[in-house]
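Okay, here's what each chain looks like letter by letter:
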Amino acid sequence: MKKQILLATSNQNKVREMKDDLLIFFDDVLSLKDVNLTIDVEETGTTFLENSKIKASDVSSKTNIPVLGDDSGLEIDALDGRPGIYSARFLQNESYETKCKELLKLLKDKDNREASFTCALTYIDKINGIEKQFVGKCNGRIIDAYQDCKYGFGYDPIFYSYEAHDVFGNIPKEEKFKYSHRGKAVKMFLNFLKEVYHEGNIRNR
């Protein structure tokens, strides 16, 4: 039987970022659209971990496929950690270009441009009774002006990564994933799977 995983996110950009790496262990990486499911709960958590679990738990209650929930966002020091867990809901219904430019306005007179991206993943496998969480983080700063970038999505055009030595929006997906918050969280998840598979604790489906 095929090993499958269902990503509990409606953001197709996140699906594309994670899919190739997850295919190392899974035969199929499914999106909510693939199985005609939606997330029907509000993100009422106060942390990325809490919100990733809320989403993963909701989707897991509707299927027996192992589920991976993602919650992530941008935290800016000079804005007291905003937009943080509200990154996707900041200026809701506006484009990310508009969101990025509004953040740059808020930082106009700020000397401190330090920022970080955080990604929290929650893995739930009901069949095997496994629930595990992972957190990836990357540090950087917010640049002075919005860039029209070839790659990336969300706040990538204004985030300069100290590890990548470039704005995330300037580097291809595969390169970005080496340094990004999501790439780090997925790597932790894959290392966990290696241990569990090695011990024979996960059933093939």
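Residues numbered from 1 in each chain as written. Predicted model: local features only at pLDDT ≥ 70, side-chain atom pairs only at ≥ 80, totals over all residues. Heavy atoms only, no water.

**Some thoughts on the environment of Leu 37**
Then comes step 1: Assignment of secondary structure puts Leu 37 in the loop between strand 2 (28-31) and helix 2 (48-60).
Then comes step 2: When the C-alpha positions of Leu 37 and Lys 62 are compared, they lie 8.1 Å apart, and in sequence the two are 25 residues distant.
Then comes step 3: Excluding residues that lie within four positions of it along the chain, Leu 37 makes contacts with Leu 6, Leu 32, Val 59, Lys 62 and Thr 63. (Helix = DSSP H or I, 4+ residues; strand = E, 2+ residues; numbered from the N terminus. Contact = heavy atoms within 4.5 Å.)

**Thoughts on the pairing of strand 2**
Then comes step 1: Where strand 1 (residues 4-8) meets strand 2, 4 bridges bridge the pair, whose relative direction is parallel. Looking across to strand 2, one finds that Leu 6 is bridged to Leu 30.
Then comes step 2: Since strand 1 and strand 2 lie parallel, the crossover through helix 1 (residues 12-22) that links them has a hand, and here it is right-handed. (Pairing = 2+ DSSP bridges. Right-handed = clockwise from strand over helix to strand, strands pointing away.)

**Section: the sheet that holds strand 1**
Then comes step 1: Pairing in this open sheet of 7 strands is mixed, and the strands run 2-1-3-4-5-6-7 from one edge to the other. Strand pairing shows two members of the sheet lacking a second neighbour, strand 2 and strand 7 (166-167), which therefore form its edges.
Then comes step 2: One ladder, built from 3 bridges, connects strand 1 with strand 3 (residues 67-76); its direction is parallel. In the sheet register, Ala 8 faces strand 3, and the bridge partner there is Gly 69.
Then comes step 3: Strands strand 1, strand 2, strand 3 and strand 4 (114-125) of the sheet are contacted by helix 1, whose axis makes an angle of about 120° with strand 3.
Then comes step 4: Sheet strands touched by helix 2: strand 1, strand 3, strand 4 and strand 5 (130-142). Its angle to strand 3, the strand with the most contacts, is close to 155°. (Axes fitted to C-alpha atoms, helices over the stretch in contact; angles between N-to-C directions.)

**Section: the pattern of salt bridges**
Charged atoms that come close allow side chains of opposite charge to pair.
Then comes step 1: Evaluated as defined, the whole model comprises 17 salt bridges.
Then comes step 2: The closest approach of N and O atoms between Glu 175 and Lys 178, which form a salt bridge, is 3.2 Å. Of this pair, Glu 175 and Lys 178 both sit in helix 4 (residues 173-179), 3 residues apart, which is roughly one turn of that helix.
Then comes step 3: Classification of Glu 175 by relative accessible area gives partly exposed; the value is 29%. (Salt bridge = Lys/Arg side-chain N within 4 Å of Asp/Glu carboxyl O. Buried < 20%, exposed > 50% of the residue type's maximum accessible area, 1.4 Å probe, protein only.)

**A word on the packing of aromatic side chains**
Then comes step 1: Applying the stated criterion to the full structure yields 9 aromatic pairs.
Then comes step 2: Seen from their ring centres, Phe 26 and Phe 189 are 6.4 Å apart, and the 15° between their planes marks the pair as stacked. Taken as a pair, Phe 26 in the loop between helix 1 and strand 2 and Phe 189 in helix 5 (residues 181-198) lie far apart in primary sequence, 163 residues in all.
Then comes step 3: Taking the relative accessible area as the measure of exposure, Phe 26 reaches 3% and is therefore buried.
Then comes step 4: Classification of Phe 189 as buried rests on a relative accessible area of 0%.
Then comes step 5: Here Tyr 96 and Tyr 155 contribute two aromatic rings whose centre-to-centre distance is 5.2 Å and whose plane-to-plane angle is 85°, an arrangement assigned as edge-to-face. Placement of the pair is Tyr 96 in helix 3 (residues 96-106) and Tyr 155 in the loop between strand 5 and strand 6 (159-161), with a sequence separation of 59 residues. (Phe/Tyr/Trp six-rings, centres within 6.5 Å; stacked < 30°, edge-to-face > 60°.)

**Description of helix 2**
Then comes step 1: The end-to-end C-alpha distance of helix 2, which contains 13 residues, comes to 18 Å, matching closely the 18 Å that a straight helix rising 1.5 Å per residue would cover.
Then comes step 2: By the burial criterion, the buried members of helix 2 are Phe 48, Asn 51, Ser 52, Lys 55, Ala 56, Asp 58, Val 59 and Ser 60.
Then comes step 3: Taken together, the buried residues of helix 2 touch strand 1, strand 3, strand 4 and strand 5. (Expected span 1.5 Å × (residues − 1).)

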